[in-house]
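Next come the chains, spelled out residue by residue.
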Amino acid sequence: MVDTERAFAARAKMVGWKQAFLEYFADSAIGFDGETSGSAKDQLRPLPDPPKDMQLLWEPRYGDAAKSGELGYLTGPSTNINPARNNGTPRYGTYASVWKRQGDGSYKVVMDVGVTTPGPTTFAPGFTRAPLMPRYAGKDTPEAAARSLREADAALTRAALVNRAAAYRGRLVSGARLHLPNAQPLAGEGAVLAWLATQPPLSIGETRFAEAARSADLGYTWGAYAAPAAGSEAAQKGFYMRVWARGADGSWKVALDVLQPQ
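Residues numbered from 1 in each chain as written. Predicted model: local features only at pLDDT ≥ 70, side-chain atom pairs only at ≥ 80, totals over all residues. Heavy atoms only, no water.

> Which parts of the structure should I look at to understand the nonpolar core?
One recurring pattern in soluble globular proteins: nonpolar side chains tend to sit buried together. One finds V98, M111, Y220 and M241 to be the most contacted residues of the largest nonpolar core, which totals 56 residues. Contacts of M241, omitting those with residues within four sequence positions, involve A96, V98, M111, V113, T221, W222, L256, D257 and V258. Core analysis: the second largest hydrophobic core is formed by 22 residues, L22, A65, Y107 and V109 among them. (Core = buried A, V, L, I, M, F, W, Y, C linked by side-chain atoms within 4.5 Å. Buried < 20%, exposed > 50% of the residue type's maximum accessible area, 1.4 Å probe, protein only. Contact = heavy atoms within 4.5 Å.)

Given below as structure tokens:
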């Protein structure tokens with residue numbers, strides 16, 4: 001999966017990010033476009049081809065995969081350089097992608113959500129796998145696991161309508177990550193909870209999708225949210241993506257949460 005992500009990034013250098021995205025995204029991939037969600041490829045095709053001297057660079061630095069191997073996630077730093085924009089000053093970000101093995105054995109992206117950051121994002125050198133935890137080893141089918149995961153996601157979101165920090169407390173893995181727009185990613189349960197404690201409750205939250213691996217120990221969800229203004233921050237609404245790991249006791253916990261406002 002990591003090798004495929006690296007090949008994807010290398011392909012983007014050769015043919016441009018748009019063509020590479022169309023090649024490496026699954027036909028079932030979902031994208032967020034303004035106030036709507038839909039086929040990522042259908043959203044990409046009408047976009048103009050990027051300038052030939054524009055570069056979109058990224059590298060997988062952190063992630064994990066299910067025991068069954070067909071579903072996983074990767075994240076890392078991204079850099080966008082366009083010589084015709086702002087004297088070529090780079091724009092920085094952090095991407096997060098969910099990968100799924102296809103019928104032909106290849107990995108394809110089924111969801112990709114990136115956020116801008118005020119500067120380069122710091123990751124440990126090379127690639128780091130998410131800290132191992134005792135994983136679920138039960139007999140749930142993927143369908144049963146997806147139902148359980150959807151219920152866990154909905155329960156978290158309902159609780160976040162009352163108190164966001166309390167909602168996530170006890171529902172995060174120790175190395176959980178939270179990616180926010182225009183901010184450096186937060187890593188670790190303590191950092192995530194500290195930020196959530198400064199935020200008002202969500203005003204809207206809706207689970208829209210859940211999928212679990214065949215081994216029922218890893219999955220992802222996405223949905224819609226809205227949050228009122230907090231301090232100097234304006235009110236926002238948009239979509240979220242969450243990656244979940246399932247513990248030996250059968251409980252789902254958030255490993256990665258990404259907010260993408262409209």
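> Even after reading the chapter, I still don't get helix 2 (residues 17-24), so can you show me in this structure?
Residues lying three or four places apart along an α-helix face the same way, a consequence of the helix completing one turn every 3.6 residues. Most of helix 2 is tucked away, with 6 of its 8 residues classed as buried. Buried within helix 2 we find W17, K18, A20, F21, L22 and Y24. For helix 2, the secondary structure elements touched by its buried residues are helix 1 (2-15), strand 1 (25-33), helix 3 (40-44), strand 3 (55-58), strand 6 (91-101) and strand 7 (107-117). (Helix = DSSP H or I, 4+ residues; strand = E, 2+ residues; numbered from the N terminus.)

> What's the story with the sheet that holds strand 13 (residues 236-246) in this structure? I'm lost.
Either a parallel or an antiparallel arrangement is found when strands of a sheet pair, and the pairing is made through backbone hydrogen bonds. Taking strand neighbours across the sheet as the criterion, the 6 strands line up as 10-9-14-13-12-11 in an open arrangement whose pairing is mixed. The strands lining the two open edges of the sheet, one partner per strand, are strand 10 (186-187) and strand 11 (204-212). Inspection of the sheet shows strand 13 paired to strand 14 (residues 252-261) by 9 bridges, in the antiparallel sense. Within strand 14, the position partnered with A245 by the bridge is K253. (Pairing = 2+ DSSP bridges.)

> I tried to follow unusual backbone geometry on my own but got confused; where do I start?
Residues other than glycine predominantly adopt negative phi, and peptide bonds predominantly adopt the trans conformation. Even without being glycine, N87 reaches a positive phi, approximately 60°. Mapped onto the secondary structure, N87 falls in the loop between strand 5 (71-81) and strand 6. Even without glycine at this site, A216 takes up a positive phi of about 60°. Summarising the element assignment, A216 is placed in the loop between strand 11 and strand 12 (218-227).

> Just to check I follow, could you spell out the packing of helix 1 against helix 2 for this structure?
Angle between the axes and distance between the axes: these two values describe a pair of packed helices. Packing of helix 1 against helix 2 leaves a shortest axis separation of 7 Å and a crossing angle of 145°. Crossing of helix 1 against helix 2: the hand is right-handed. Of helix 2, the residues touching helix 1 (which contributes T4, A7, F8, R11, A12 and V15) are W17, Q19, A20, F21, E23 and Y24. Looking at the contact of helix 1 with helix 2 residue by residue, the class counts come to 8 nonpolar, 2 polar and 2 charged. (Axes fitted to C-alpha atoms, helices over the stretch in contact; angles between N-to-C directions. Left-handed = near helix turned anticlockwise from the far one by under 90°. Nonpolar A, V, L, I, M, F, W, Y, C, P; charged D, E, K, R; others polar.)

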